[in-house]
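# Architecture at a glance
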Amino acid sequence: DAIKNLHEKNLLNEKEGKKLVELGERWKNKEISWDIVMDAQSKYFPLAIRGKKEDEIYAAAREFSLERISQILFKNSSKLVALANSYTKTVAITRLPEEFVRTLSPFLIFDEILGTKLEVKNGVFTGSTVRNLTSSKNKEKAFLKWLKDRKISKSFGFGSTQNDIAFLKHTSTPIIINPDKSMEKHAKQFEWKNFNSDGIGDLLEYMRKIFRDFKLF
C-alpha cells in the first residue's frame with residue numbers, strides 16, 4: 001500500500017512503479033508469497049525512484065506511515081517496541097530502506113536500524129543500492145557483524161516470515177508474530193513462541209516475564 005500511495009502521487013517512475021503495484025495486488029489476492037514481493041521490490045524499487053528527490057519520497061512515505069499508525073497492527077507494534085525500549089536496547093533488522101523505517105518515528109523508535117540502504121547523490125536517488133538486506137543470508141551477515149563487537153549474552157528477536165529465520169536463530173529467544181505458513185511450521189518444529197496480533201496482551205506479558213528472567217527490571 002505504501003508503494004501504491006507513492007505511485008498514485010506520481011512519485012515513482014511509471015514502468016517500475018506499475019510493476020510493484022501489480023505485485024502488491026497479487027500478494028493481496030494470495031497468488032504469490034510476501035518473500036516473492038520483497039525480492040521483486042529489491043530489484044524494482046530502486047529503479048522506480050531513480051532520479052526522484054529524496055526529501056519528496058520520504059515526506060510522502062512519512063505522511064502515509066502516520067495515517068497507518070491508527071491501524072491495530074501498528075498500535076500493537078508500538079506497544080511492543082515501547083515495552084522493549086523501557087528495559088533494553090532495540091535494533092530493527094529489515095529488508096526495507098532504513099529511512100523508511102525512520103518515518104515511523106516517534107511511534108516506533110529503535111536504538112539502531114539495520115536495513116537496506118539506497119544510494120543518494122545530491123539529494124537524488126541514483127537507482128543503485130548500497131546495502132541490500134532483502135535476502136535472509138544478507139540479513140544474517142548484517143546481524144552477525146552487528147553482534148561481533150558487542151558483548152551480548154542474552155537477546156530476543158521477532159519475525160514473521162521464513163526470511164527472518166537466519167537472524168532469529170542467533171537470538172536467545174526467537175519469537176514469531178503473525179507467521180506465514182512456512183514460518184509457522186518452522187516455529188512448531190523448533191518450539192519457538194508463536195503469537196498473533198490479536199494476542200498482544202499475552203505477548204506483552206510474555207515479554208515482561210523475559211525481562212524478569214533476564215533481570216532487566
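Note that the structure is predicted; figures quoted are calculated from it, not measured.

Turning our eyes to something else, we now look at the overall build of the protein. When you go through the protein residue by residue, the secondary structure sums to 10 helices and 6 strands. For the protein, the C-alpha radius of gyration of 18 Å lies close to 17 Å, the compact-globule estimate for 217 residues. Considering the protein as a whole, with its 217 residues, one finds that 42% of them fall into the buried category. Intrachain contacts of the protein at a sequence separation of at least 6 include 55% that bridge at least 24 residues. In the protein, which carries 39 positive and 29 negative side-chain charges, the distance between the mean positions of the two groups comes to 4 Å.

Before going further, it helps to spend a moment on the sheet that holds strand E1 (residues 91-97). Taken together, the 3 strands give an open sheet; going across it, the order is E1-E2-E3, and neighbouring strands pair in mixed fashion. Strands with a single pairing partner mark the edges of an open sheet, and in this sheet they are E1 and strand E3 (124-131). Along the sheet, successive strands turn relative to each other by an average axial angle of 40°, direction set aside. Sheet topology places strand E2 (residues 112-121) next to E3; 4 bridges connect them, and they run antiparallel. In the sheet register, Val120 faces E3, and the bridge partner there is Phe125. The strands touched by helix H3 (residues 34-48) within the sheet are E1, E2 and E3, with E1 carrying the most contacts at an inclination of about 65°. Across the sheet, helix H7 (residues 136-148) touches E1 and E2, and the angle it forms with E1 is around 145°.

What follows concerns the nonpolar core. Ranked by internal contacts, the top residues of the largest apolar core, which has 15 residues, are Leu6, Leu12, Phe45, Ile49, Ile57, Phe100 and Phe125. Taken together, the elements giving at least two residues each to this core come down to helix H1 (2-8), H3 and helix H4 (54-68). The element best represented in this core is H4, accounting for 4 residues. With near-sequence residues (within four places) excluded, Ile57 lies in contact with Leu6, Leu11, Ile49, Lys52, Phe100 and Phe125.

Tallied over the entire structure, the rule returns 1 cavity of 30 Å³ or more. Looking at the largest cavity, its volume works out to about 80 Å³. Lining the largest cavity we find Met38, Gln41, Ser42, Phe45, Pro46, Arg95, Pro97, Thr116, Leu118 and Thr134. Per element, the largest residue contribution to the lining of the largest cavity is 5 residues, and it comes from H3. Residues that form the lining of the largest cavity fall into these classes: 5 nonpolar, 4 polar and 1 charged.

Relative to the helices and strands, His7 resides in helix H1. For His7, a relative accessible area of 18% puts it in the buried group. Between the C-alpha atom of His7 and that of Ser153, which follows or precedes it by 146 residues, the distance is 44 Å. Excluding residues within four positions of it along the chain, His7 makes contact with Leu12, Glu14, Gly17, Lys18 and Val21.

If you check helix H10 (residues 200-213), its first and last C-alpha atoms are 20 Å apart, about what 14 residues at 1.5 Å a residue would give, namely 20 Å. Listed as buried for H10 are Ile200, Leu203, Leu204, Met207, Ile210 and Phe211. The buried residues of H10 occupy one face: seen down the axis, they fall within an arc of 115°.

In this section: the confidence of the model for the protein. Per-residue confidence for the protein averages 86 on the pLDDT scale, and 94% of its residues sit at or above 70. Per-element confidence in the protein is highest for E3, whose mean pLDDT is 95, and lowest for helix H5 (residues 72-87), whose mean pLDDT is 75.

Basis of the calculations
Residues numbered from 1 in each chain as written. Predicted model: local features only at pLDDT ≥ 70, side-chain atom pairs only at ≥ 80, totals over all residues. Heavy atoms only, no water. Helix = DSSP H or I, 4+ residues; strand = E, 2+ residues; numbered from the N terminus. Rg over C-alpha atoms; globule rule 2.2 N^0.38 Å. Buried < 20%, exposed > 50% of the residue type's maximum accessible area, 1.4 Å probe, protein only. Contact = heavy atoms within 4.5 Å. Lys, Arg positive; Asp, Glu negative; His and termini not counted. Charge placed at Lys NZ, Arg CZ, Asp CG, Glu CD. Pairing = 2+ DSSP bridges. Axes fitted to C-alpha atoms, helices over the stretch in contact; angles between N-to-C directions. Core = buried A, V, L, I, M, F, W, Y, C linked by side-chain atoms within 4.5 Å. 1 Å grid on protein atoms, 1.4 Å probe; cavity = no way out; pocket = protein on both sides within 12 Å on 5 of 7 lines; lining within 4 Å. Points joined across faces, edges and corners; volume = space filled by probe spheres on them. Nonpolar A, V, L, I, M, F, W, Y, C, P; charged D, E, K, R; others polar. Expected span 1.5 Å × (residues − 1). Arc of directions from axis to C-beta. pLDDT = per-residue confidence, 0-100.

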